[in-house]
Amino acid sequence: MKYESQKVALYYIAGALGLFVAQILFGLVIGTIVVVPNFLSELLPFNIARMIHTNALIVWLLMGFFGSAYYLIPEEAETELYSPKLAIIQFWLFLFGAAAAVVGYLFHIHEGREFLEQPLWIKLVIVVVALMFLFNVSMTVLKGRKTAITNVLLLGLWGIAVFFLFSLYNPSNLILDKVFWWWVVHLWVEGVWELVMASILAFLMIKLTGIDREVVEKWLYVIIGLALFSGILGTGHHYYWIGLPAYWQWIGSVFSTLEVAPFFAMVVFTFMMVWKGGRSHANKAALLWSLGCSVFAFFGAGVWGFLHTLAPVNYITHGTQVTAAHGHLAFYGAYVMINIAMFTYAMPNLLKREPYNQILNMWGFWITSSGVTFMTFALTFAGVVQSHLQRVLGMGFMEVQEQLGLFYWMRLGAGVVTFVGVVLIVWSLVVPGRAKAAARAAIQPAE
Amino acid sequence: MSETLTKSAARNIFYGGTAFFFVIFVGLVAHSVSTVNEMAINHPVTPSVARGKEVWEKHACIDCHTIMGEGAYFAPELGNVWVRYGGRDDAAGARESLKLWVKNQPSGIEGRRQMPHFDISEPDLDALVDFFKWTSEVNTQNWPPKVSG
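Please read all numbers here as calculations on a predicted model, not as lab measurements. In this numbering scheme, every chain counts its residues from 1 along its sequence in written order. In the order they appear in the text, chains get letters beginning with A and ligands get numbers beginning with 1. Local features are withheld for residues below a pLDDT of 70 in this predicted model, meaning they are given only at 70 or higher, and side-chain atom pairs are given and counted only at 80 or more; totals for whole chains, interfaces and linings count all residues. Excluded from the side-chain calculations are hydrogens and water; all other atoms, namely the structure's heavy atoms, are used.

A short note on the overall build of chain A
For clarity, the cut-off: The helix count covers DSSP runs of H or I at least four residues long, the strand count covers runs of E at least two residues long, and both are numbered beginning at the N terminus. Atoms counted for the radius of gyration: C-alpha only. Globule rule: 2.2 Å times the number of residues to the power 0.38. A simple rule labels every residue: compare its accessible area, found with a 1.4 Å probe on the protein chains alone, to the largest value its type can have, and call it buried under 20%, exposed over 50%, or partly exposed in between. Contacts are assigned to residue pairs that have any heavy atoms within 4.5 Å of one another. In this description, accessible areas are obtained by the Shrake-Rupley approach with a 1.4 Å probe, and a residue is regarded as covered only by the protein chains that are shown. Lys and Arg are tallied as positive, Asp and Glu as negative. Neither His nor the chain termini are counted. In plain terms, the charge of a residue is placed at NZ if it is Lys, CZ if Arg, CG if Asp and CD if Glu.
Check the secondary structure of chain A and you find 16 helices and 0 strands. Compactness check: chain A gives a C-alpha radius of gyration of 21 Å against a globular reference of 22 Å for 447 residues, within 12% of the reference. If one aligns the C-alpha atoms of chain A with their principal axes, the spans along those axes are about 65 × 45 × 40 Å. Burial status across chain A gives 65% buried among its 447 residues. A fraction of 84% describes how many contacts in chain A between residues 6 or more apart in sequence connect residues 24 or more apart. Surface summary for chain A: the accessible area is close to 15,700 Å², and the carbon and sulfur share equals 74%. Separation between the mean location of the 23 positive side-chain charges and that of the 20 negative ones in chain A comes to 9 Å.

Quick look at the structure:
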């Protein structure tokens, strides 16, 4: 850490970690409701707990992106943040909005589109938060050094804000509603979020491996090129069965198959950089998360996405537990892991500690990753059985669900393991460990 | 990576390619929207259907159910619930059955997923059913494959 103002990232990292724990807790609640249906059924219905689970995820990932940007941008731009004070106000406003949304949900105050359940006024607060953020980071970059990493990061963050505006448009025609709902959801996670992810990954590669910036930045442009060339028209895989023309079946199938490419490129990129870089950075845990991120994103977003993206396959699997399996592994691999990688890298620098609790952090990595992987397999098998019984044999939904009980119990068990892993991660990041003398001696003068 | 591709070339390809694909995407979506609007001439979103969609959203039905395959996968698909309830053959009967179903929740049956009780007025219930009927008539390329949803 070179700039005092990078410290505002601490607010965001703390907020993100808190919401991360909340997200997993509510995940456990709905995982329990699935196997014990009468659990909390009067007090906390499934739909309310579920919107808290998904919204907490989205908000903490965004909070992590904001924090990562506040850490990364001063260092890349080689200048203090334009306004640390504005960044802190922005944090509290965002946290207030998120808290108000959750409290409102518990009292059944919400809108009714998936992931966009926030009441209008909270959506507007989010827009204000985004504008404060974009103003702050853009002004910082404008007065400082411009690198490919800041360029791409800013493009991604501006994209997030621009596409969020479509959440304000809710036509009464359900088909049009869905068409533009995906402009938020798909163009976020299979579009501009990938820009944010790739630029953070590139930053970490420069710092952790010592590879030449020119090489990393060239890779960055190739990766995000692959991401957007495939991802934009890949939106077509959501347009198969919602009342749109049949040509989307071809466009969606072809382009979303290509969506595997950027994730594969990220795996090649990170492993090549580490292999060629040869620097032995003291923060081994951050490196583990960075490599894990590209690998898990490749499997979760890439392979599990491809699994059900071809139109003839999707015709059978659409809206089954296969989708849920993909959703969990993709979000974990791509966006949870990039955030934890960045937090693991940044926290020791921000707190002026040496890389600490490395072993605990790495246990957190393996336990959480095992939990999410097992969960993904359980849901995938559930989804395949469901697809066959319900979509091929034509059995009724509830009848089919009764056949899936074993898988749902396994998913809940995997969820508990995931929770244990998450507690370890949070603990290892927040609580200082005993620095070992040997580890201290091994530290090289790398940032 | 190959020396022949420079960083600025990679950057230019990225910007150019992204603009290219985005323009195509916007064009196709514009065309799709025009087909949706054409369909709406013979299959209009009546005030009652629009109100039904509001009822659907007010109770966050999508955070348990799915509609055209999108939602929470916890409760049955409702995009074709009108067809599943026999609305094509006996519209009045299907309407009554659907309304009764909603009114009678929660079932309270031990070990069965519970739908909350929603206080929905009679006109709102009719609007909701109109919304389901409208949705079941959308040309979804024959999805879902079975009436089970």
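Notes on the interface of chain B and chain A
What counts here: Accessible-area loss on putting two parts together, using a 1.4 Å probe and summing over both, is the definition of buried area adopted here. Here, a salt bridge means any Lys or Arg side-chain nitrogen found within 4 Å of an Asp or Glu carboxyl oxygen.
Counting residues at the interface gives 72 residues for chain B, matched by 82 residues for chain A. For the chain B and chain A pair, buried surface summed over both sides reaches about 6,600 Å², with 67% attributable to carbon and sulfur atoms. Taken together, the links from chain B to chain A amount to 5 salt bridges. Ionic pairing is found between B:Lys7 and A:Glu214, a salt bridge with its closest N-O pair at 3.3 Å. When contributions to the side of chain B that touches chain A are tallied by element, the ones reaching two or more residues are helix 1 (7–42), helix 2 (47–58), strand 1 (66–67), strand 2 (70–71) and helix 5 (122–136) of chain B. Per-element accounting of the side of chain B that touches chain A gives the leading share, 23 residues, to helix 1 of chain B.

Quick look at unusual backbone geometry
That bond from B:Gln105 to B:Pro106 is cis: its omega, 0°, falls within 30 degrees of zero. With respect to the secondary-structure elements, B:Pro106 resides in the loop between helix 4 (91–103) and helix 5. A positive phi angle, near 55°, is found at A:Lys352, a position not held by glycine. A positive phi angle, near 60°, is found at B:Tyr73, a position not held by glycine.

A few points about the domain arrangement of chain B
The line we're drawing: Note that domain bounds follow an automatic or database assignment of domains.
As far as domains go, chain B holds domain 1 (1–42) and domain 2 (45–149). Taking the mean C-alpha position of each, domain 1 of chain B and domain 2 of chain B sit 36 Å from one another.

Structural notes on the nonpolar core
Note the threshold: Joining through side-chain atoms within 4.5 Å is the link that ties buried Ala, Val, Leu, Ile, Met, Phe, Trp, Tyr and Cys residues into a set, and such a set is a nonpolar core.
The biggest cluster of nonpolar side chains holds 197 residues, and the ones touching the most others in it are A:Trp60, A:Trp188, A:Trp193 and A:Tyr239. When residues in this core are grouped by element, the largest group, 27 residues, is from helix 6 (residues 174–209) of chain A. The two domains that each donate at least three residues to this core are domain 1 (1–42) and domain 2 (45–149) of chain B. A:Tyr239 has contacts with A:Val179, A:Trp182, A:Trp183, A:Leu244, A:Trp248, B:Phe25 and B:Val29, leaving out every residue within four places of it along the chain.

Let's talk about the packing of aromatic side chains
Residues and elements named next belong to chain A. For clarity, the threshold we go by: Pairing of aromatic rings covers Phe, Tyr and Trp, the last through its six-membered ring, and needs centres within 6.5 Å; plane angles under 30 degrees mean stacked, over 60 mean edge-to-face, and all others mean tilted.
Considering all chains together, one arrives at 55 aromatic pairs over all chains under this definition. Ring geometry for Tyr-12 versus Phe-91: centroids 5.1 Å apart, planes at 70°, classification edge-to-face. Of the two residues, Tyr-12 sits in helix 1 (residues 9–35) while Phe-91 sits in helix 3 (residues 84–106), which places them 79 residues apart along the sequence. An identical accessibility class is assigned to Tyr-12 and Phe-91; each is buried. Aromatic pair Tyr-247 and Trp-248: ring centres 5.6 Å apart, planes at 50°, arrangement tilted. Judged by its relative accessible area of 0%, Trp-248 falls in the buried class.

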